[in-house]
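Here is how the chains run, residue by residue.
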Amino acid sequence: LSYKALLHTKANSLRQRSLADLHLELGHVCFLLDDTSQARTHFETAQSYRPQAYQPFVRLAQLDASLGHIEQAKTYFKNALFFNNTHKLSLISIGSLCFAQGNIEEGFFYWNRGFQRQTHNDAVIRVSSTTSSVSRVSLNEKLHLAEWMTTRLMSMDAPLASFSID
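Residues numbered from 1 in each chain as written. Predicted model: local features only at pLDDT ≥ 70, side-chain atom pairs only at ≥ 80, totals over all residues. Heavy atoms only, no water.

### Regarding the overall build of the protein chain
Part 1: Across its full length, the protein chain holds nine helices and zero strands.
Part 2: Overall, the protein chain shows an N-to-C arrangement of helices and strands of α-α-α-α-α-α-α-α-α.
Part 3: A buried classification covers 33% of the 166 residues belonging to the protein chain.
Part 4: Of the contacts made within the protein chain by residues no fewer than 6 positions apart, 48% connect residues no fewer than 24 positions apart.
Part 5: As presented, the protein chain carries roughly 10400 Å² of accessible surface, and 54% of it is formed by carbon and sulfur atoms. (Helix = DSSP H or I, 4+ residues; strand = E, 2+ residues; numbered from the N terminus. Buried < 20%, exposed > 50% of the residue type's maximum accessible area, 1.4 Å probe, protein only. Contact = heavy atoms within 4.5 Å. Areas by Shrake-Rupley, 256 points an atom, 1.4 Å probe, with all protein chains shown as cover.)

So, in C-alpha cells, the structure goes:
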C-alpha cells in the first residue's frame, strides 16, 4: 500500500481538517526519508487545507532551516507566530537562527520571549525586530552567550565548513 493510495483512501473518509494533519504527517515521513521536495509539497498542501494554522508554517520553517535557507525559515516561523504568537518553538528557533547569522541582539529578543512564561495579560508580540525592545540585552548576557556558543562550536564533531548559511 503506497502513501498515495493511503492518502486517496483517507481523503474519501476524512474531513478537510484531518486531511491537513495527514499531509503534515506524510510530509514529516518524507522529511525523515530525505525526500525534501515531497515533504515541502505535503506541508504546502496541509497549509492550503488550513490556511490559518501555524503548524504547516512551522514544518516548512524546519525544512528550510535544515536545508540552510535561514531567511526563508525565519519568514515561515514568523508566519507561524502570526497565527500563534506564543508558540515557543517558533520564538526560540527564530532566536537560534538569528544567533547563527550573528544577529545577537535580535536573537536575544526572540529567545527572551520564547523562554519567559506567558501570561494571559501579555501583549501581542511584534514579529518584526524592534530596536527599543532589543537594546535591553545586557553586555554580560551577550558575553555569556558568546562564550556558550564558542564552547558548543568547538565541541562539535562536524567541521564548521559543513554548516552553511544562505
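### A short note on the packing of aromatic side chains
Part 1: Within the structure shown, the criterion is met by seven aromatic pairs.
Part 2: Ring geometry for Phe57 and Phe83: centres 5.8 Å apart, planes at 15°, overall stacked. A residue pair is termed long-range when its members are at least 10 positions apart, and Phe57 in helix H4 (residues 55-66) and Phe83 in helix H5 (residues 70-83) qualify at 26 residues.
Part 3: Here Phe57 falls in the buried class, since its relative accessible area comes to 9%.
Part 4: Aromatic side chains Phe99 and Trp111 sit 4.7 Å apart centroid to centroid with 90° between the ring planes, which places their arrangement in the edge-to-face category. Of this pair, Phe99 sits in helix H6 (residues 88-101) while Trp111 sits in helix H7 (residues 104-115); the two residues are 12 residues apart in sequence, bridging distant segments of the chain. Each member of the pair, Phe99 together with Trp111, is buried.
Part 5: An aromatic cluster of three or more residues is present, and its members are Phe57, Tyr76, Phe82 and Phe83. (Phe/Tyr/Trp six-rings, centres within 6.5 Å; stacked < 30°, edge-to-face > 60°.)

### Side note on the side chain of Lys74
Part 1: Relative to the assigned elements, Lys74 resides in helix H5.
Part 2: Lys74 has contacts with Ile94, Leu97, Cys98, Gln101, Asn103 and Glu106, leaving out every residue within four places of it along the chain.

### Quick notes on helix H3 (residues 36-49)
Part 1: Over its 14 residues, H3 runs 20 Å from end to end, which matches the ideal 20 Å to within 8%, given 1.5 Å per residue.
Part 2: Taken residue by residue, H3 has Ala39, His42, Phe43 and Ala46 as its buried positions. An end-on view of H3 places all buried positions within 100° of arc, on one side of the element. (Expected span 1.5 Å × (residues − 1). Arc of directions from axis to C-beta.)

### With respect to the packing of H5 against H6
Part 1: It is the contact of H5 with H6, at a shortest axis distance of 9 Å, that shows an interaxial angle of 155°. Classified by the angle their axes make, H5 and H6 are roughly antiparallel. Pair H5 / H6 crosses with left-handed handedness. For the pair H5 and H6, contact is made by Ile70, Glu71, Ala73, Lys74, Phe77, Lys78, Ala80 and Leu81 and by Ser90, Leu91, Ser93, Ile94, Leu97, Cys98 and Gln101, respectively.
Part 2: Split by residue class, the contact of H5 with H6 holds nine nonpolar, three polar and three charged. (Axes fitted to C-alpha atoms, helices over the stretch in contact; angles between N-to-C directions. Parallel < 35°, antiparallel > 145°, perpendicular 65-115°, else oblique. Left-handed = near helix turned anticlockwise from the far one by under 90°. Nonpolar A, V, L, I, M, F, W, Y, C, P; charged D, E, K, R; others polar.)

### Observations concerning the pattern of salt bridges
Part 1: Evaluation of the coordinates by the stated rule reveals three salt bridges.
Part 2: Between Asp21 and Arg50 there is a salt bridge, and its shortest N-O distance comes to 3.0 Å. Pair noted here: Asp21 is in helix H2 (residues 16-32) and Arg50 is in the loop between H3 and H4, with a separation of 29 residues, a long-range link.
Part 3: Assessed through its relative accessible area of 30%, Asp21 is described here as partly exposed.
Part 4: Between Glu71 and Lys74 there is a salt bridge, and its shortest N-O distance comes to 3.7 Å. Here Lys74 and Glu71 lie together in helix H5, a separation of three residues that amounts to about one turn. (Salt bridge = Lys/Arg side-chain N within 4 Å of Asp/Glu carboxyl O.)

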